[in-house]
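Chain and residue survey
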Amino acid sequence: MYGKKVKLRFLFLTLILLSVILSVFLILQSLKDNVVYFQSPSEIKSLIELNKKKLRVGGMVKKQSISINSDEVNFVITDFKNEINVTYSGAVPNLFAEGKGVVAEGFLKDRNYFLATKILAKHDENYMPPEVKEAIGDK
Amino acid sequence: MFKYFKPNKIFAITSRAPKYVLFLFIIVLTIGLTEALILSPEDYKQSDAVRIMYVHVPAAWISLGIFSSLALLSVGSFVFKNKNFSLIAKSLAPSGFIFNVIALVTGSIWGKPTWGTWWAWDARITSMLILALFYGMYLLAWRIYQDKEQAIKITSMIAILGAINVPIIKFSVDWWNTLHQPQSINILSNNSIHASMLIPLGIMTAAFALFSLLIFLMKYNTELIKVKNKGLDRL
């Protein structure tokens with residue numbers, strides 16, 4: 001069917017691809033902590049030791065948890081299993097709201113308290129016109 | 001089977017087709033932009049910023065699609081030594097690169113008002129940047145290597161190895177926590193995007209695909225003229 005050279009080139013390509021896929025997989029596995037953009041409150045709770053490095057916590061803003069004092073915003077990030085209290089001073093993005101996704105960047109004071117230096121709003125995959133949202137109701 | 005690709009026949013098509021494709025592209029783009037910018041509703045949460053999506057998402061899809069075809073064509077040209085495949089791949093690459101850059105730039109413009117940042121080193125965005133680098137390498141390799149045989153070998157390798165990145169981009173939002181939202185369009189289950197927004201998205205994708213086809217035909221035509229000028233009647 002195919003010549004010997006064609007088969008050899010195909011084998012060569014397959015071997016290269018397999019080895020590179022394997023190495024990429026191993027690299028991504030070992031760098032998992034760096035590939036992940038943020039950690040959930042549950043993952044923070046199960047940290048063995050707290051280090052001083054900057055990290056990101058992500059989850060939902062707990063309903064009725066936002067309180068704004070003079071120049072400070074306090075709220076709770078939850079993943080519906082564990083929670084973490086966050087304090088932040090500065091402007092929050094427009095989409096920052098209760099019951100919506102958020103990623104906070106900053107430093108961990110202890111396992112329950114996070115001092116944020118930057119707040120990012122996480123958008124979910126739902127796109128719909130306002131009328132439809134009203135019809136569905138606020139779930 | 002590949003010897004039935006007759007350059008003369010292909011040339012007859014590529015030299016005439018662009019003007020029809022251009023005509024079709026302008027019509028579809030006009031309909032698409034009207035749908036996306038005027039007729040489609042605003043989003044309940046991000047209001048008018050959602051309109052960036054109608055450029056961002058099709059551009060990202062097309063750039064991924066083109067890179068996948070580059071890889072497949074490169075396997076064909078590397079294994080079967082068919083030069084036509086590498087000419088097709090070479091002509092496809094520029095529009096894929098342009099759409100990749102458009103996806104990155106529009107994503108950045110969207111990210112500022114919604115997320116609150118221009119750039120985030122999350123898995124989806126970083127892997128998309130790596131794709132742009134692979135596109136850059138691919139295009140540069142064609143220019144750097146004067147020797148045709150060598151250029152074909154090196155560009156095929158770049159395209160094939162870069163293709164490993166494609167599934168990583170696709171599944172990055174499922175495998176890791178990312179700032180980028182997961183996909184809204186599912187073939188197997190329900191879409192989490194409303195039909196009134198899906199229609200302009202579809203039309204814009206068609207328009208961008210036509211644009212890629214247009215650029216491809218023009219580039220490919222030039223490549224065939226180069227082949228003809230060398231006095232070769234086959235590739």
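What you see is a predicted model, and the numbers here were worked out from it, not measured in a lab. (Residues numbered from 1 in each chain as written. Chains lettered and ligands numbered in written order. Predicted model: local features only at pLDDT ≥ 70, side-chain atom pairs only at ≥ 80, totals over all residues.)

Let us look at the overall build of chain A. Scanning chain A from N- to C-terminus turns up four helices and six strands. Scanning chain A from its N terminus toward the C terminus, one meets helices and strands in the order α-α-α-β-β-β-β-β-β-α. Relative to a compact globule of 139 residues, whose C-alpha radius of gyration would be 14 Å, chain A shows 23 Å and is clearly more extended. Judged by the C-alpha coordinates and their principal axes, chain A covers about 75 × 45 × 25 Å. (Helix = DSSP H or I, 4+ residues; strand = E, 2+ residues; numbered from the N terminus. Rg over C-alpha atoms; globule rule 2.2 N^0.38 Å.)

Take the confidence of the model for chain B next. Of all residues in chain B, 94% have pLDDT values of 70 or greater, and the mean over the chain is 89. For this predicted complex, the interface confidence reaches an ipTM of 0.84, while the overall pTM sits at 0.89. (pLDDT = per-residue confidence, 0-100.)

Quick look at the interface of chain B and chain A now. On the chain A side, the residues contacting the 35 residues of chain B number 31 residues. For the side of chain B that touches chain A, the secondary structure elements donating two or more residues are helix H2 (53-80), helix H3 (83-114), helix H5 (148-162) and helix H7 (195-229) of chain B. The class makeup of the residues in the side of chain B that touches chain A is 19 nonpolar, 12 polar and four charged. (Contact = placed C-beta atoms within 7 Å. Nonpolar A, V, L, I, M, F, W, Y, C, P; charged D, E, K, R; others polar.)

Time to look at the packing of helix H4 (residues 123-144) of chain B against H5 of chain B. All names here are of chain B. Axis separation between H4 and H5 bottoms out at 9 Å; the angle between their running directions is 175°. In terms of their interaxial angle, H4 and H5 are classed as roughly antiparallel. Contacts from Phe134, Met137, Tyr138, Ala141 and Trp142 in H4 reach Ala151, Ile154, Thr155, Ile158, Ala159 and Gly162 in H5. Here the contact of H4 with H5 is composed, by residue class, of nine nonpolar, two polar and no charged. (Axes fitted to C-alpha atoms, helices over the stretch in contact; angles between N-to-C directions. Parallel < 35°, antiparallel > 145°, perpendicular 65-115°, else oblique.)

By domain assignment, chain A separates into domain 1 (4-33) and domain 2 (36-122). A C-alpha centroid distance of 40 Å is found between domain 1 of chain A and domain 2 of chain A. (Domains from an automatic or database assignment.)

Should the pLDDT be low somewhere, the predicted coordinates at that spot are not to be read in detail. The predicted model of chain A has a mean per-residue pLDDT of 85, with 98% of residues at 70 or higher. When pLDDT is averaged over each helix and strand of chain A, the minimum, 78, is found for helix H4 (residues 130-136) of chain A and the maximum, 91, for helix H1 (residues 4-30) of chain A.

Packed helices, taken two at a time, are described by the angle their axes make and the gap between the axes. All names here are of chain B. Following both chains from N to C, one finds H2 and H7 inclined at 45°, their axes separated by 9 Å at the closest point. Judged on the interaxial angle alone, H7 and H2 are oblique. The way H2 lies across H7 gives a crossing that is right-handed. Of the residues in H7, those in contact with Tyr54, Val55, Val57, Pro58, Ala59, Trp61, Ile62 and Ile66 of H2 are Pro200, Leu201, Met204, Thr205, Phe208, Ala209 and Ser212. Looking at the contact of H2 with H7 residue by residue, the classes come out as 13 nonpolar, two polar and no charged. (Left-handed = near helix turned anticlockwise from the far one by under 90°.)

For residues besides glycine, phi is generally negative; the peptide bonds are generally trans as well. All names here are of chain A. Non-glycine residue Phe80 carries a positive phi angle of around 70°. For Phe80, the location among the structural elements is in the loop between strand E3 (72-78) and strand E4 (83-88). Owing to 11 C-beta atoms within 10 Å, Phe80 belongs among the exposed residues under this scheme. (Buried ≥ 20, exposed ≤ 12 C-beta atoms within 10 Å, placed from the backbone.)

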